[in-house]
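Here is how the chains run, residue by residue.
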Amino acid sequence: MTTDKRSWVRPVVAIAVSAVFFIPLYYVLVNVFKRGDLISTEPSALPLPPTLKNISAVLTRPDGLYWVSLTNSIVVTLLSILVLTVLSAMLGHYLARSQKRWTKALTMVLLAGLMIPPQVILIPITDVLRATHLMATLQGLVLFNVGYYVPFGVFVFSGFIRGVPVELEEAALLDGANRMQVFWRIVFPLLKPATASVLIFLGVWIWNDFIDPLIILGPSQGTTVTTGIYRSIGQYQADLGSVFALMFLATLPVLIFYLALQKQFVKGLTGGATKG
Amino acid sequence: MTAPTPERAEEGKSPTRRRRKPILPRVWHFASFGAPGVLIYLCFVMAPILISFGYSLTNYNPFNPPTKFVGLENYKNLFSDETFLTALWVTTVLTLIVVIVPNVLGLGIALLLDKKGWLYNALRTVFFTPVILSSVVVSIIWQKLLDDQGPINQVLRALGVDHPPGWLSDPDIALYSVASIVCWQMLGFCVVVYLAGLQGVPTELLEAAEIDGAGPWRRFRAVTWPLLAPSLTINTVVMLISAFKTYDYVKVITNGGPGSGTTATIAFNVLATGLDANHAGYASAMAVVMLVIVAVVTTIVLQFLRRREVDL
């Protein structure tokens, strides 16, 4: 083959294309560690000497915006994904195992939820939440998240459950275990890849969500990291260093989460997507 | 296994018992496994859709009662409403760009990165990172980059361009800038899905085709591309749905402008009309139309792409 002579072409092209693609990320990274006045005058230069001033300014803000937002984001994200995993694993199991016609219809109704734009339901949701006194509360946001993302969880779990032999469950049922025990002790441990992709995907989506916390938590109450960034950008337009630092700090947890679980992430993406 | 378990022992006793027995557990099975998830889904997704539909037939405004039933008037008004028709156009352009560009570039980059080795693994991570970033963060990064005095225009000026484009301030360009930003964020998703698809292409088939004298382009057309059909389906549908939902970028970057509604999508207008201006009835009609468009277009595209998969 002639490829030996041209074997340098592919890596060079790949690196060049990736470098162009990476420019916006480079722009954030260098400016997080750059003195405020240099950000607008030499935005693309390396941060020399690097400074941690921007980061410490965000961490020590008198109103504690970062820490309040971080706590809210962590509480909402963790609660939502835990409840979502439990509910959608069990519902996915029920739907995958049941052969009834009405459960087929129910599956279709749930899958339709995968394409419903949040804007369609947000106006009535605010009325429902106001009526139940859940508007502007973290519980309200968690409940909304659970309802809105249950279809995705069910979609991933039921796909995997179809690959688990029914005989396994029947044998355990005959041995006297009840359905709950069978599910949590035998089936659920076999669903680790599905659980990983549900936790990872929903974790990232809910963490990054903007529109729902913006509207459900409202302007005055709590902020999450994304709504916190959105609000501070208006307030601190001049202080670009803080804006970049806030974005960096808000993204850091997700980035670490992603880099640590990269393999499962990509497996979940492709497995979950191609199985259903 | 042969020992009679309680259930089996009961089966033999009487026919009535045998018939009654499974019914209760089945109800219990649904109540414990299915109901909690279904209930929350019905309350927070299905009921609001029905309520939305109800609102759309009224002049509902929570801060301006009384609410009157107006029939289909909202829908009639929509189609003579300049703002809505512009939003329809904006959403169509945005959707076409976001479905086509990341798919084409994503396939190209996946082919480029479809090799083993640390370098290619690292570059995959580069492309995928924007996918896990919040769209708010992505919006702000690009808003700064594309500012009239921002780094991109500074570079252009340094290169001798006297009047670099107003990427986000020129009404003729802003929509394409926003669409490009969405493409930048979504590209990595397409790359990863295509890479996974490429791993499923058997090397024997490609080698066989090469022996038969097929060049690289022919091998791609005849072997690789048909086998990537499922990846194309996933990418197209995911891009389609996320393009229809586009809200965050518009809200953060341009707030619908510059000028009047040059970047305002339907999704943006629904919330601007319904929650900022409180015309919930009219906004609900917009939302219902949006839902119908999403459902119809997605179903048609999915049918078309799925049929293509089966044929091969």
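Contacts between chain A and chain B engage 84 residues on the former and 77 residues on the latter. Between chain A and chain B, a total of about 7,300 Å² is buried, with carbon and sulfur atoms accounting for 80% of that surface. Looking only at chain A, the three residues that lose the most surface to chain B are A:Arg10, A:Phe21 and A:Ile123, adding up to 10% of its buried area. In this assembly, chain A and chain B are joined by zero salt bridges. Applying the counting rule to chain A against chain B returns 13 residue pairs in polar contact (both at pLDDT 80 or more). In terms of residues, the side of chain A that touches chain B owes the most to one element, helix H1 (residues 9-32) of chain A, which gives 13 residues.

Attention now moves to the packing of aromatic side chains. Residue and element names in this part refer to chain A. Following the criterion strictly, the structure yields 25 aromatic pairs over all chains and no others. Taking the centre distance of 5.3 Å and the plane angle of 90° together, the rings of Tyr27 and Phe244 count as edge-to-face. Placement of the pair is Tyr27 in helix H1 and Phe244 in helix H13 (residues 240-260), with a sequence separation of 217 residues. Between Phe183 and Phe188, the ring centres sit 6.1 Å apart and the planes meet at 50°, which makes this aromatic pair tilted. Here Phe183 matches Phe188 in class, with each residue buried. Ring pairing ties together the aromatic residues Phe144, Tyr148, Tyr149, Phe152, Phe201 and Trp205, which thus form one cluster.

Turning our eyes to something else, we now look at the packing of helix H4 (residues 65-97) of chain A against helix H5 (residues 101-112) of chain A. Residues and elements named next belong to chain A. Where H4 meets H5, the axes come as close as 9 Å, and the angle between the chain directions of the two elements is 135°. If you check the angle between H4 and H5, you find them oblique. Relative to H5, H4 is oriented so that their crossing is left-handed. Of the residues in H5, those touching H4 at Leu91, Tyr94 and Leu95 are Trp102, Thr103, Leu106, Thr107 and Leu110. Within the contact of H4 with H5, the residues separate by chemical class into six nonpolar, two polar and no charged.

Looking now at the pattern of salt bridges. All names here are of chain B. Following the criterion strictly, the structure yields six salt bridges over all chains and no others. The salt bridge partner of Lys251 is Asp276, with a shortest N-O separation of 3.9 Å. Of this pair, Lys251 sits in helix H12 (residues 248-254) while Asp276 sits in helix H13 (residues 266-276), and the two are 25 residues apart along the sequence. Here Lys251 falls in the buried class, since its relative accessible area comes to 13%. Asp276 gets classed as exposed once you look at its relative accessible area, which sits at 54%.

What follows covers the confidence of the model for chain A. This prediction gives chain A a mean pLDDT of 87; 92% of its residues lie at or above 70. Per-element confidence in chain A is highest for H4(A), whose mean pLDDT is 94, and lowest for helix H14 (residues 262-275) of chain A, whose mean pLDDT is 63.

Residue and element names in this part refer to chain B. Secondary-structure assignment places Arg219 in helix H10 (residues 216-227). For Arg219, the side chain forms a polar contact with the main-chain oxygen of Ala214, separated by 3.0 Å. Look past the residues within four positions of Arg219 in its chain and what remains in contact with it is Leu206, Ala209, Glu210, Ala214 and Thr224.

This part covers empty space enclosed by the protein. Residues and elements named next belong to chain A. On inspection of all chains with the given rule, the structure shows five cavities of 30 Å³ or more. By volume, the largest cavity amounts to about 60 Å³. Around the largest cavity, the lining residues are Ser73, Val76, Thr77, Leu141, Asn145, Ile206, Trp207, Asp209, Pro213, Thr224 and Thr226. Taken together, the elements giving at least two residues each to the lining of the largest cavity come down to H4, helix H7 (138-161) and helix H10 (192-208). Of the residues forming the lining of the largest cavity, the biggest block, three residues, is contributed by H4. For the lining of the largest cavity, the class distribution of residues is five nonpolar, five polar and one charged.

As a note on interpretation, predicted positions should not be read in detail where pLDDT is low. Residue and element names in this part refer to chain B. Mean pLDDT over chain B stands at 88; residues scoring 70 or higher make up 91%. Mean pLDDT in chain B bottoms out at helix H1 (residues 6-11), which sits at 44, and peaks at helix H4 (residues 82-113), which reaches 96. Segment residues 1-21 is flagged for pLDDT under 50; beyond a separation of four residues in sequence, or across chains, it makes seven contacts in the model. Overall fold confidence for the complex sits at a pTM of 0.89, while the interface term, ipTM, reaches 0.90.

All right, on to the packing of helix H6 (residues 135-145) of chain B against helix H8 (residues 174-199) of chain B then. Residue and element names in this part refer to chain B. With their axes 11 Å apart at the nearest point, H6 and H8 run at an angle of 130° to one another. As judged from the angle between their axes, H6 and H8 are oblique. Seen from above, H6 lies across H8 with right-handed handedness. Taking contact as the criterion, the partners of Ser135, Val138 and Trp142 in H6 are, on H8, Ile181, Trp184 and Gln185. Class assignment for the residues of the contact of H6 with H8 results in four nonpolar, two polar and no charged.

The next thing to look at is the environment of B:Ala280. One can find B:Ala280 in helix H14 (residues 280-311). In this structure, the C-alpha to C-alpha distance between B:Ala280 and B:Val270, residues 10 residues apart in sequence, is 8.7 Å. With residues up to four places along the chain from it excluded, the contact list for B:Ala280 reads A:Ile123, B:Tyr55, B:Tyr60, B:Pro62 and B:Gly274.

The rules behind the values
Residues numbered from 1 in each chain as written. Chains lettered and ligands numbered in written order. Predicted model: local features only at pLDDT ≥ 70, side-chain atom pairs only at ≥ 80, totals over all residues. Heavy atoms only, no water. Contact = heavy atoms within 4.5 Å. Buried area = accessible area lost by both parts, 1.4 Å probe. Salt bridge = Lys/Arg side-chain N within 4 Å of Asp/Glu carboxyl O. Polar contact = N/O pair within 3.5 Å; in protein donor to acceptor, adjacent residues only side chain to side chain. Helix = DSSP H or I, 4+ residues; strand = E, 2+ residues; numbered from the N terminus. Phe/Tyr/Trp six-rings, centres within 6.5 Å; stacked < 30°, edge-to-face > 60°. Buried < 20%, exposed > 50% of the residue type's maximum accessible area, 1.4 Å probe, protein only. Axes fitted to C-alpha atoms, helices over the stretch in contact; angles between N-to-C directions. Parallel < 35°, antiparallel > 145°, perpendicular 65-115°, else oblique. Left-handed = near helix turned anticlockwise from the far one by under 90°. Nonpolar A, V, L, I, M, F, W, Y, C, P; charged D, E, K, R; others polar. pLDDT = per-residue confidence, 0-100. 1 Å grid on protein atoms, 1.4 Å probe; cavity = no way out; pocket = protein on both sides within 12 Å on 5 of 7 lines; lining within 4 Å. Points joined across faces, edges and corners; volume = space filled by probe spheres on them.

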